[in-house]
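Working through the structure, step by step
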Amino acid sequence: MGAVKTKRMPRAVREQQMLDAAVQIFGQRGYMAASMDDIAELAGVSKPLVYLYLNSKEDLFTACIRREAGALVAAVRSGIAPDLPADRQLWDGLLAFFTHTARHPDAWTVLHLQARTHGEPFAAEVSALRAEIVAFVTQLIVAAARDAHRDPDLPEREVAGLAEALVGAAESLAAWANSTPGVTARQTTATLMNFAWAGLGSLMEGRRWTPPPA
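Now for a look at the structure at hand. Note that the coordinates shown come from a computational prediction; the quantities given were computed from them, not determined experimentally.

What to know about the packing of helix 1 (residues 11-29) against helix 6 (residues 105-114)
For any two helices packed against each other, the geometry comes down to the angle between their axes and how far apart the axes lie. With their axes 8 Å apart at the nearest point, helix 1 and helix 6 run at an angle of 55° to one another. Judged by the inter-axis angle, helix 1 sits oblique to helix 6. Judged by the twist between their axes, the crossing of helix 1 over helix 6 is left-handed. Judged by residue contacts, Val 23, Gln 24, Phe 26, Gly 27 and Gln 28 of helix 1 engage Asp 106, Ala 107, Thr 109, Val 110 and Gln 114 from helix 6. Taken together, the residues of the contact of helix 1 with helix 6 sort by class into four nonpolar, five polar and one charged.

So, the packing of aromatic side chains
Inspection of the entire model under this criterion finds seven aromatic pairs. An aromatic cluster is built from Phe 26, Tyr 31, Phe 61 and Phe 122, whose rings are joined through pairwise contacts. The ring centre of Tyr 31 lies 4.7 Å from the NZ or CZ of Lys 57, which sits over that ring.

Some details on the pattern of salt bridges
Counting across every chain of the model gives 10 salt bridges. Two residues, Arg 29 and Asp 38, come together in a salt bridge whose shortest N-O distance is 2.5 Å. With its nearest N and O atoms 2.8 Å apart, the salt bridge here joins Arg 67 to Glu 68. By relative accessible area, which is 24% here, Arg 67 ends up partly exposed. Of the residues examined, Glu 68 reaches a relative accessible area of 7% and is grouped as buried.

Rules of the game
Residues numbered from 1 in each chain as written. Predicted model: local features only at pLDDT ≥ 70, side-chain atom pairs only at ≥ 80, totals over all residues. Heavy atoms only, no water. Axes fitted to C-alpha atoms, helices over the stretch in contact; angles between N-to-C directions. Helix = DSSP H or I, 4+ residues; strand = E, 2+ residues; numbered from the N terminus. Parallel < 35°, antiparallel > 145°, perpendicular 65-115°, else oblique. Left-handed = near helix turned anticlockwise from the far one by under 90°. Contact = heavy atoms within 4.5 Å. Nonpolar A, V, L, I, M, F, W, Y, C, P; charged D, E, K, R; others polar. Phe/Tyr/Trp six-rings, centres within 6.5 Å; stacked < 30°, edge-to-face > 60°. Lys NZ or Arg CZ within 6 Å of the ring centre and 35° of its normal. Salt bridge = Lys/Arg side-chain N within 4 Å of Asp/Glu carboxyl O. Buried < 20%, exposed > 50% of the residue type's maximum accessible area, 1.4 Å probe, protein only.

So, in structure tokens, the structure goes:
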């Protein structure tokens, strides 16, 4: 096989082209099975050029994580109008989240699965993304408590736990929706809102579920 011939283009454009190819290969084959040869071929460049631009397979994978994490956060934030009620903000944020993960299933696989299972440097990148989303959801829950026109007496630890549970459910639902034909982002959002917000609404109004005696 002859060397790959490439057209001259700005480095930034070429690098994004490589990242596009890498996300597809990593997402579909997994980090360990992905090869720089396959990524270079899909990107339409030579393997030495991939190494020149992105140094190593590890650096390339990290660059993919950072780009896709940034794109996901940007999609969620751009989908929300901060002057709306908390439940509407959560709906819009979840809808933006599920829409983005459905449109970019390989990127979601890289973030949700691959990055978490291949070592601390990669997992740390995703943890930073998750922490930002959890912080955002925590703010929405606090805002919802304020909008309820009463003090629901939610301890800080409980609010943090609710936010973690909600984000964890969203992550699992996104993986499920991407592997289940015919499920739309809107349907997935409604499922999570019905599951989570109905319970949160009762909690804000002081109607708590009480565990049975030990």
